[in-house]
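Commentary on secondary and tertiary structure
Below, each chain spelled out in residue letters.
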Amino acid sequence: MVTLARTLARPAAVVAAVVLLAGCAGQPSTPSASPTSSAGAALSTCVTDPAAVVARSQALPTTPMTDSQAAVIDAAAGEGFAAAAAPGAIVAVQSKDGLFLKAYGVADPATGVPMTTDMFQRVGSITKPFTATLLLQLVADGDVSLDDPISTYVDGVPNGDHVTLRMLADMTSGLASYTLDPAWQATFFAQPEKVWSPDELLAIGLALPPLFEPGTSFNYSNTNTVLLGKVIEKVTGQPYQDVLQQKILTPLKLTDTTFPAGSPVYPEPHPQGFTLQGTNATVESPANATDWNPSWGWTAGELISTATDLLAFARAEGTGHGLLPADLQMQRLTSSPGSAGYGLGWGCSAGWVGHAGELPGFNSSMFYDTASDTTIITLTNSDIPSGGCSDSTTLLDNPADLPCSSPATRLFVSVSTALGHAFVPPAKR
């Protein structure tokens, strides 16, 4: 059985690369701490011209790309999909050349219903950039400072007087993820439809021993982002989902993005999602995790969205346009250490900024190329890795001669390579 702890500790395969480096489920790598933390990381060089990125305000075209451009992307996506362990996928690309949007495979193998580009997807840790953006908006409004200790807002946090909001956002707090707790894992897999409250999740995570002194290292932890959700609610006096609607979804016109807040409702149309996690999954018969309740992710992983909404958010998040003032966006664009690493709620690698998301049954990738002003979204209805995966269970027909990758990451890497700026995720063991 692939453990949920490993899934969440590896950032989603492309992370951000699961996060990039960190995300919700795919990379095991541990990047150094953000240069904005106290860990003394290398000066950020990931985005070569942040000022030029922030200056972009003109919307990208939504007209279709030329047939020749679309053919290049389609061939790359098809090649990646053929090697991915997923029944279906959606690929979206938007650049100065226009829009590419296409679905592959089936949404439900039992019925043969095809995947379609308008389908909703549980996007897991792609929720984290939304939460971090809300935090930065509060900073812009003067309501909080990134250097505020979490003890100002939430009691009972280990090292709470020394863990700052910045450390929660860039994963250098040292707080362990509640998903590492064996008792929590046992309950989750025994009762996958259970509704978890944020306070339950925090009680579990904060009871675990800290992994290191605040600001001295990096560790991807859902506990960090759940704490940020609590800060957002305390400072605004509103439920997280209402703040999200007011400050991001409505301004960006993201009409197909929802935060279920514990509800099992999954908007139609949506695919069926498959996983090898859990006690009932086998390589011959993966488990159908479509109705597993995502409340265990809360502000770290509960969001539902579509490919077109994620295109709009990823570009706005990358440029800051419509979301953050220029000075704060500049800080975000330079918050990742060196040429690659995890910054303020996102990963960055060679100019690609964004996040990946993974939870049982679904895998997603959302990245914006700051160099070429291009966004790539890949969504799959499986979180099952393929390739030479030494620490992950794979399907019987697994192409073991390929590098290990989660399905959405495999498509993203294939498409980014075809576009001339390959995203190279950290090695996945």
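Residues numbered from 1 in each chain as written. Predicted model: local features only at pLDDT ≥ 70, side-chain atom pairs only at ≥ 80, totals over all residues. Heavy atoms only, no water.

Looking only at helices and strands, the protein has 13 helices and 12 strands in total. Within the span of the protein, comprising 429 residues, buried residues form 61% of the whole. Considering only residue pairs separated by 6 or more positions, the protein has 68% of its internal contacts joining residues 24 or more positions apart. Summed over all atoms, the accessible surface of the protein reaches about 14400 Å², with 54% contributed by carbon and sulfur. (Helix = DSSP H or I, 4+ residues; strand = E, 2+ residues; numbered from the N terminus. Buried < 20%, exposed > 50% of the residue type's maximum accessible area, 1.4 Å probe, protein only. Contact = heavy atoms within 4.5 Å. Areas by Shrake-Rupley, 256 points an atom, 1.4 Å probe, with all protein chains shown as cover.)

Attention now goes to the packing of aromatic side chains. One pass over the structure, following the stated rule, counts 19 aromatic pairs. Judged by centre distance (5.9 Å) and plane angle (75 degrees), the ring pair of Tyr266 and Phe362 falls under edge-to-face. With Tyr266 in the loop between α9 (240-249) and β5 (274-275) and Phe362 in strand β11 (residues 362-369), the pair connects residues that are 96 residues apart, well separated along the chain. The burial state of Tyr266 is the same as that of Phe362; both residues are buried. Put simply, the rings of Tyr178, Trp184, Phe188, Phe189, Trp196, Trp292 and Trp296 pair up and form one aromatic cluster. The ring of Trp196 has Lys194 sitting right over it, with the charged end atom 4.7 Å from the ring centre. Above the ring of Trp346, the side-chain terminus of Arg332 is found at 4.7 Å from the ring centroid. (Phe/Tyr/Trp six-rings, centres within 6.5 Å; stacked < 30°, edge-to-face > 60°. Lys NZ or Arg CZ within 6 Å of the ring centre and 35° of its normal.)

Before going further, it helps to examine the sheet that holds strand β12 (residues 374-380). Ordered by their spatial adjacency, eight strands build an open sheet running β3-β2-β1-β12-β11-β10-β9-β8, and the pairing between neighbours is antiparallel. In this open sheet, the two strands that pair with only one neighbour each are β3 (113-114) and β8 (340-342). In the packing of helix α13 (residues 407-418) onto the sheet, contacts are made with β1 (88-95), β10 (352-359), β11 and β12, and the angle to β12 comes to roughly 150 degrees. (Pairing = 2+ DSSP bridges. Axes fitted to C-alpha atoms, helices over the stretch in contact; angles between N-to-C directions.)

Mapping Glu302 onto the fold places it in the loop between α10 (298-301) and β7 (304-305). For the buried Glu302, which has no salt bridge, the nearest side chain bearing the opposite charge is Arg122, at an N-O separation of 7.0 Å. Reaching out from Glu302, the side chain makes a polar contact with the backbone nitrogen of Ala261 at a distance of 3.0 Å. Residues in contact with Glu302, not counting those within four places in the same chain, are Gly124, Thr127, Phe259, Pro260, Ala261, Gly262, Ser263, Pro294, Ser295 and Gly297. (Lys, Arg positive; Asp, Glu negative; His and termini not counted. Salt bridge = Lys/Arg side-chain N within 4 Å of Asp/Glu carboxyl O. Polar contact = N/O pair within 3.5 Å; in protein donor to acceptor, adjacent residues only side chain to side chain.)

It is worth spelling out the nonpolar core at this point. Of all hydrophobic cores here, the largest spans 73 residues; its most connected members are Phe130, Ile150, Leu165, Leu227, Leu244, Ile248 and Ile377. Discounting chain neighbours no more than four positions away, the residues touching Leu244 are Phe130, Leu134, Leu249, Phe259 and Leu303. Within the second largest apolar cluster, 19 residues are counted, among which are Ala70, Ile376, Leu411 and Phe412. (Core = buried A, V, L, I, M, F, W, Y, C linked by side-chain atoms within 4.5 Å.)

An α-helical turn contains 3.6 residues, so a residue and the one three or four places further along point in the same direction. Buried within helix α12 (residues 326-333) we find Leu328, Gln329, Arg332 and Leu333. Buried residues of α12 fall within an arc of 140 degrees about the axis and therefore sit on the same side. Next to the buried residues of α12 lie α2 (50-54), α4 (127-140) and α11 (307-319). (Arc of directions from axis to C-beta.)

Turning to unusual backbone geometry, a few remarks are in order. Between Glu268 and the following residue, Pro269, the backbone shows a cis peptide bond with an omega angle of 0 degrees. With respect to the element layout, Pro269 can be found in the loop between α9 and β5. The phi dihedral of Asn159 falls on the positive side, at around 60 degrees, and the residue is not glycine. On the accessibility criterion, Asn159 (29% relative accessible area) is partly exposed. In the Ramachandran plot, Trp298 falls in the positive-phi region, its phi being about 35 degrees despite a non-glycine side chain. Tracing the backbone shows Trp298 in helix α10. Judged by relative accessible area, which is 6%, Trp298 ranks as buried.

The subject of this paragraph is the state of the cysteines. Under the criterion given, the structure shown has two disulfides. A sulfur-sulfur separation of 2.0 Å characterises the disulfide bridge that pairs Cys46 with Cys348. Linking Cys46 and Cys348, the disulfide has an S-S dihedral of approximately -95 degrees and is accordingly described as left-handed. Of this pair, Cys46 sits in the loop between α1 (4-9) and α2 while Cys348 sits in strand β9 (residues 347-349), placing them 302 residues apart in sequence. Each of the two residues, Cys46 as well as Cys348, counts as buried. (Disulfide = S-S within 2.5 Å.)

Take the pairing of β1 next. Burial analysis of β1 places eight of its eight residues in the buried class, which makes it a mostly covered element. Of the two faces of β1, the one carrying Gly88, Ile90, Ala92 and Gln94 and the one carrying Ala89, Val91, Val93 and Ser95 are both buried. Taking the residues that link successive antiparallel strands as the turn, the β1-strand β2 (residues 98-108) hairpin has two residues. Both β1 and β12 contribute to a ladder of six bridges, which runs antiparallel. Opposite Val93, over in β12, you have Ile376 as the bridge partner.

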